[in-house]
Amino acid sequence: MPSKKRGTAAADTERPLVLVVDDDPVMNLYAREQLIAKGYAAETIENGLQVVDAIREHRPDLVILDVQMPGIDGFDTCRLIRGSEAGRHIPVLMLTGLDDLESIELAFDAGATDFANKPANWTLLAHRLEYMLRSSHSAADLRASRARLANAQRIAKLGYWEWNLEADELIVSDQMRQILGMPDEARLDGIRSLLAHVHPDEREEVRTALDALVEDGESRDLEFRLRRVNQEDCYVRQRAERATSSARDHRVVTGAVLDITDQQQAENRARFLSQYDGLTELPNRRSFREHLDTALLSAARHDRHLAILLIDFDRFNRINDTLGREAGDQALREQAQRLAKHLRGSDSVARPERDILARLSGDEFALLLTDLTSPGDAAKVAERLAELIAEPLSIGGTEVVLTASVGISAFPEDGGDSETLLANAEAALYSIRRHGGDNYRFYSTEMNENAAERLALETELTGAVQRGEMRLEYQPLYDTASGTLKGAEALVRWHHRERGRISPATFIPLAERTGAIIALGDWVLRTACRQAKIWQDDGRGAIGMSVNVSARQLERPDFPGSVEAVLATTGLDPKLLNLELTESFLLEDVDRAAQSLASLKALGVRLSLDDFGTGYSSLSHLIRLPLDTIKIDRSFLSGVPNEASSRSITRAIISMARGVDMEVVAEGVETEQQVDFLRLHGCDILQGFLLGRPLPAPEFDRLPRRFRQRRAASSAA
C-alpha cells in the first residue's frame, strides 16, 4: 500500500492523490480506476495548459503525464509544472508510446522524475509510484530540515565555510555570505579571499591560527572582526576543525562562524556604562574615583601636587522646571562637550591626556588636575571654566545662561586619600553656594589667598619687560684646570615695582604656563648677546655667554631664525653663544629634538644639556644629539666628596661625557673640597657660589679674571 497522505479532500484524507494529465478521456477513466484500485485517490485533466491551476486546486502528491497531447505536449507541460511554485517539487511520471532514447532524454531534461512506456503495466507502475512517493516524502523532509536549519542559522547568525586544502577551493553557506554582506550565490576565491575580509589588525593572528590548525590538526576557537563588503565591521566567534572528506577523500578545514556583533555591542555598551555616563559620555563617579586613586599613588610617589575641582551649575533646576527635562539634558550634554573640547585644546595647566573630566551626578561635574607646579594653578583653570560655562546656550530656541560654583581641594594640603579630598571639595563647594555661587573657592583659606595672588602676578608678568622690571644677572664659569674666567650664565631677575624681588622659581613656571616665556626668552637672548658683544669688544678676551632656552621656545619652528637674527643684529661671534636646553624637552621626542638642534648647530652656536641626570638621560640619547656640553645638576654634587654614592655618580657622569667627547660643567660648587674632587676627575668648567654669585654686568666686570684656591688641593677618594 502507498504511504498515507494528510491534507487531501475529506473522502481521501488517507490516500495519496495522483493527478493524471492525458488528452484521451478513455485513458483518463482507465487510469483513475487502476489508481483507485491500487490505493490512490485520482484527479484527471485533458489539457496541459490547465495543469498549474489543477495543481494549485488539488495539491496532488504525484503527476502522471502523457507525452503526446495536442496543442501543448507533455514535455512543455512538465516544464510548466517545474516553473510553478506549487509544482516545483512534485514527482512527475511521463508516459509515452514512443520507445526511443531521445524521448527519454527530453523527458528528463524537461524535469520528469521517471519515465514509462504505454501501454502501462499498472501493477508495476503502482510500485514505481510508491517508490516515487517515498522519495518525494524523503526529499520534502530533507528540504524542511534544511529550511529549519537555515532558519535557525539565520536567527542565530551562524554561517559556515569549508576549505579544500588540495584544491584551495572554498565553499561558504548562504548565512556566511549574509554575515559578509555578499550577494547571493557570490563565491570566494580560496582561503585568501576569506582572510581578506578579516580586520587588518587581526588578520595575521587568524592566518597564524589557520596555519597551525592545518599543521597539527587541533581545532581552534577565535574571536575577531570581519569587514563586510560595505566596509562595516562585525564581531564573530569562529571554531575551525580539520577533517578528511569521506565522499571525495581529500583533506578539508571547516569553520563555523557566529556573528556576535549584537552581543559584543551590548557587552561594550555595558562596559562603557559601568565606567561612563550615558548622557554626556564622560567618565562617571566610579571611573573618576579609580583615576583619582591612581593619580594619588603617583603624586605621593613623585612628590607632586594635584587638585580636584567640583563643578556645580547654579540654580540648574529652573531649566528643568521651565523648559522640561529634555532641555535640561541637552544643556548638560552641550556644557560637557564645551568643557571637554576646551580642555583638549587648552594651553592651560590642564593636561587632557592625564586630567579627567567626569560627571558625578545630576548637574555636578568633577575635574582632576594632575602634576601641578602648585595648587594655585587650579585657580586659573577654575577661572577659565567659569568663563566658558557662562557663554550662552541655545536650548530649543531659548537662550540660556548658566553660572557655576567650583569647590577645590588639593593634595597633599587638603588630604591624602580620595574620600577626604572629595569631601573637602564638597565643603568648599557648599561654602560658595551659601554665598550665592558663581565663584570658586579652595578648601584652604591660605590657598584662596595664594590663588588670588598668583592670578594677579600672572597679569602683571605680561608687561614686566616693557616696564623695565626684568633684569639680567651673570654668574661666572671658570676653567677647572687653569682657574681662568671662561664665560657667564645669564639669569633673569624680576624686580617688581611694589612686591620687590620675585623668585625665578615663582615667575618662570608661571611664564611657561601662560606663554609669556616666549617674549621673555627673546628679550633675555637679545640682552645677553648684546652684553657678550660688549665684553668681546672691550679687549678683555672672549667670554662665552650661556642662555637658558625653554621648551616653548624650542617648539617654535622659527626659533633658529630668531637666534640667527639676534646674532646678526648684535654682531656676536656665534661660537661665544651657548644655548642651555632642558632635558625634558630633549627626551620627549629624541628624533624631533635632533632635527631642532641640527638647525641651531648649523648657526655655529654651542649647545648644552642643563641639569643632566634629573630626566634620566642615557648615553644612547646623548650620542644622537649634537650637544657640546652637559651640566651636572647641583643635586648630584651636593654630597661630594663626603658621600660615596654622590662621588660615584659624579665620576660616572664625567667619564660618560668624555667618552662621547663632550665638555662637562659642574654647577652648584660651594666648597674647596668639591673643586679638588672635580679637578682630580677631569671636570672642565666650574660654576657656583664659591666662585661667584649672579651679578649685574657692572659688578661682574670687577670679578677676578682667575679663580684662586685658598688652600692646597687634597685628594678625594
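Residues numbered from 1 in each chain as written. Predicted model: local features only at pLDDT ≥ 70, side-chain atom pairs only at ≥ 80, totals over all residues. Heavy atoms only, no water.

S.K.: Is there a simple way to explain the overall build of the protein in this structure?
M.R.: Helix and strand counts for the protein come out as 26 helices and 26 strands. Sorting the 717 residues of the protein into buried and exposed places 48% on the buried side. The long-range fraction of contacts in the protein, counting pairs at least 24 apart against all pairs at least 6 apart in sequence, stands at 63%. In the structure as shown, the protein presents an accessible area of about 35400 Å², 49% of it carried by carbon and sulfur atoms. (Helix = DSSP H or I, 4+ residues; strand = E, 2+ residues; numbered from the N terminus. Buried < 20%, exposed > 50% of the residue type's maximum accessible area, 1.4 Å probe, protein only. Contact = heavy atoms within 4.5 Å. Areas by Shrake-Rupley, 256 points an atom, 1.4 Å probe, with all protein chains shown as cover.)

S.K.: Is there a simple way to think about the sheet that holds strand β3 (residues 62-66) in this case?
M.R.: To summarise the sheet geometry, strands pair through backbone hydrogen bonds and adopt either a parallel or an antiparallel arrangement. Spatially, five strands are ordered β2-β1-β3-β4-β5 in an open sheet, and the strand pairing comes out parallel. Looking at strand neighbours, the two that pair on one side only are β2 (41-45) and β5 (114-117), the edges of this open sheet. Averaged over all neighbouring strand pairs, the angle between strand axes comes to 20°, with direction disregarded. The sheet contact formed by β3 and strand β4 (residues 92-96) spans four bridges and is parallel. Paired with V63 across the bridge in β4 is V92. Packing against the sheet, helix α1 (residues 25-37) makes contact with β1 (17-21), β2 and β3, and its axis sits at approximately 170° to β2. Strand contacts of helix α3 (residues 74-83): β3 and β4, with the helix running at about 175° to β4, the strand carrying the most contacts. (Pairing = 2+ DSSP bridges. Axes fitted to C-alpha atoms, helices over the stretch in contact; angles between N-to-C directions.)

S.K.: Mind showing me how you'd approach empty space enclosed by the protein here?
M.R.: In this approach a probe as big as a water molecule rolls over the atoms, and the regions it shows empty are the leftover space. The full count for this structure, using the stated rule, is four cavities of 30 Å³ or more. One number sums up the size of the largest cavity: a volume of about 60 Å³. If you go around the largest cavity, the residues you meet are W161, M176, L194, L195, V198, V206, L210, F224, L226, Q238 and V257. Of all the elements in the fold, those that place two or more residues in the lining of the largest cavity are α7 (190-195), α8 (203-216) and β8 (220-227). Taken together, the residues of the lining of the largest cavity sort by class into 10 nonpolar, one polar and no charged. Roughly 40 Å³ of volume is contained in the second largest cavity. Lining the second largest cavity are A209, L210, L213, R220, D221, L222, Q238 and A240. Contributions of two or more residues to the lining of the second largest cavity are made by α8, β8 and β9 (233-245). Looking at side-chain class alone, the lining of the second largest cavity contains five nonpolar, one polar and two charged residues. (1 Å grid on protein atoms, 1.4 Å probe; cavity = no way out; pocket = protein on both sides within 12 Å on 5 of 7 lines; lining within 4 Å. Points joined across faces, edges and corners; volume = space filled by probe spheres on them. Nonpolar A, V, L, I, M, F, W, Y, C, P; charged D, E, K, R; others polar.)

S.K.: Sorry if this is basic, but what is going on with the packing of helix α2 (residues 51-58) against α3 here?
M.R.: To describe two helices that pack against each other, one gives the angle between their axes and the distance between the axes. Between α2 and α3, the least distance of the axes is 9 Å, while the angle of their chain directions is 45°. Comparing their axes, α3 and α2 come out oblique. Note on packing geometry: the crossing formed by α2 with α3 is right-handed. Facing α2, whose interface residues are V51, V52 and I55, α3 presents T77, L80 and I81. (Parallel < 35°, antiparallel > 145°, perpendicular 65-115°, else oblique. Left-handed = near helix turned anticlockwise from the far one by under 90°.)

S.K.: Quick question: what am I supposed to make of the packing of aromatic side chains here?
M.R.: How two aromatic rings sit relative to each other is given by the distance of their centres and the angle of their planes. Tallied over the entire structure, the rule returns six aromatic pairs. Centroid distance F313 to F365: 5.6 Å. Interplanar angle 70°. Geometry classified as edge-to-face. Remark: F365 occurs in strand β13 (residues 364-372) and F313 occurs in strand β11 (residues 305-313); sequence separation between them is 52 residues. For F365, a relative accessible area of 0% gives the class buried. Ring centres of Y474 and F700 lie 6.4 Å apart, and the angle between their planes is 65°; on these two criteria the pair is classed as edge-to-face. Note that Y474 is positioned in strand β18 (residues 470-479) and F700 in helix α26 (residues 697-700), a separation of 226 residues in sequence. Joined through ring pairs, the aromatic side chains of F313, F316 and F365 make up one cluster. In this arrangement the basic side chain of R693 is found over the ring face of F689, its NZ or CZ atom lying 4.0 Å from the centre. (Phe/Tyr/Trp six-rings, centres within 6.5 Å; stacked < 30°, edge-to-face > 60°. Lys NZ or Arg CZ within 6 Å of the ring centre and 35° of its normal.)

S.K.: Explanation requested: helix α21 (residues 590-601) in the structure shown.
M.R.: In an α-helix, one full turn covers 3.6 residues, which means residues spaced three or four apart are oriented alike. Its 12 residues give α21 an end-to-end C-alpha distance of 16 Å, which sits within 8% of 16 Å, the value for a rise of 1.5 Å per residue. Those residues of α21 lying buried are V590, A593, A594, S596, L597 and L600. (Expected span 1.5 Å × (residues − 1).)

S.K.: So what exactly am I meant to see when it comes to the sheet that holds strand β17 (residues 439-442) here?
M.R.: Taken in spatial order, the five strands line up as β12-β13-β11-β16-β17 in an open sheet, and their pairing is mixed. If you trace the sheet from one side to the other, it starts and ends with β12 (356-361) and β17, each paired once. Neighbour to neighbour, the strand axes of the sheet diverge by 20° on average, direction disregarded. Against the sheet, helix α10 (residues 285-302) engages β11, β12, β13 and β16 (404-411), with an angle of about 20° to β13.

S.K.: Would you explain the environment of Q50 in this entry?
M.R.: For Q50, the position within the fold is in the loop between β2 and α2. Among the residues examined, Q50 registers a relative accessible area of 42% and is labelled partly exposed.

S.K.: Would you explain the environment of L421 in this entry?
M.R.: Looking at where L421 falls in the secondary structure, it is placed in helix α14 (residues 418-434). Measuring from C-alpha to C-alpha, the distance between L421 and A307 comes to 8.5 Å, with 114 residues separating the pair along the chain. Sequence-distant contacts of L421, that is, excluding residues within four places in its chain, are made with L296, L306, I308, S409, A410, F411, D414 and G415.

S.K.: I keep staring at the nonpolar core and nothing clicks. Help me out?
M.R.: Taken as a class, soluble globular proteins show a tendency for nonpolar side chains to be buried jointly. One finds M470, Y474, L577, L579, L600, V669 and L678 to be the most contacted residues of the largest nonpolar core, which totals 75 residues. If you tally residues by element for this core, the top one is helix α17 (residues 517-537), at 10 residues. Residues within four places of V669 in sequence aside, it is in contact with L637, Q674, V675, L678, L686, Q687, G688, F689, L690 and L691. With 36 residues, the next largest nonpolar core counts A307, L332, A379 and I389 among its residues. (Core = buried A, V, L, I, M, F, W, Y, C linked by side-chain atoms within 4.5 Å.)

S.K.: Help me understand the pairing of strand β22 (residues 577-581) in this model?
M.R.: In the case of a regular strand, side chains alternate between the two sheet surfaces. Burial analysis of β22 places five of its five residues in the buried class, which makes it a mostly covered element. Of the two faces of β22, both are covered, the one formed by L577, L579 and L581 as well as the one formed by N578 and E580. Where strand β21 (residues 544-549) meets β22, five bridges bridge the pair, whose relative direction is parallel. In the sheet register, S546 faces β22, and the bridge partner there is N578. For β22 and strand β23 (residues 606-612), the ladder comprises four bridges, and the chain directions are parallel. Across the sheet, residue E580 finds its bridge partner in β23, namely S608.

S.K.: Is there a simple way to think about the packing of α17 against helix α19 (residues 559-570) in this case?
M.R.: Axis separation between α17 and α19 bottoms out at 10 Å; the angle between their running directions is 35°. In this structure, α17 meets α19 at a crossing whose hand is right-handed. On α19, the residues that touch L525, R526, C529, R530 and K533 of α17 are V563, V566 and T570. Taken together, the residues that form the contact of α17 with α19 break down as four nonpolar, one polar and three charged.

Any functional reading would require information that these geometric values do not contain.
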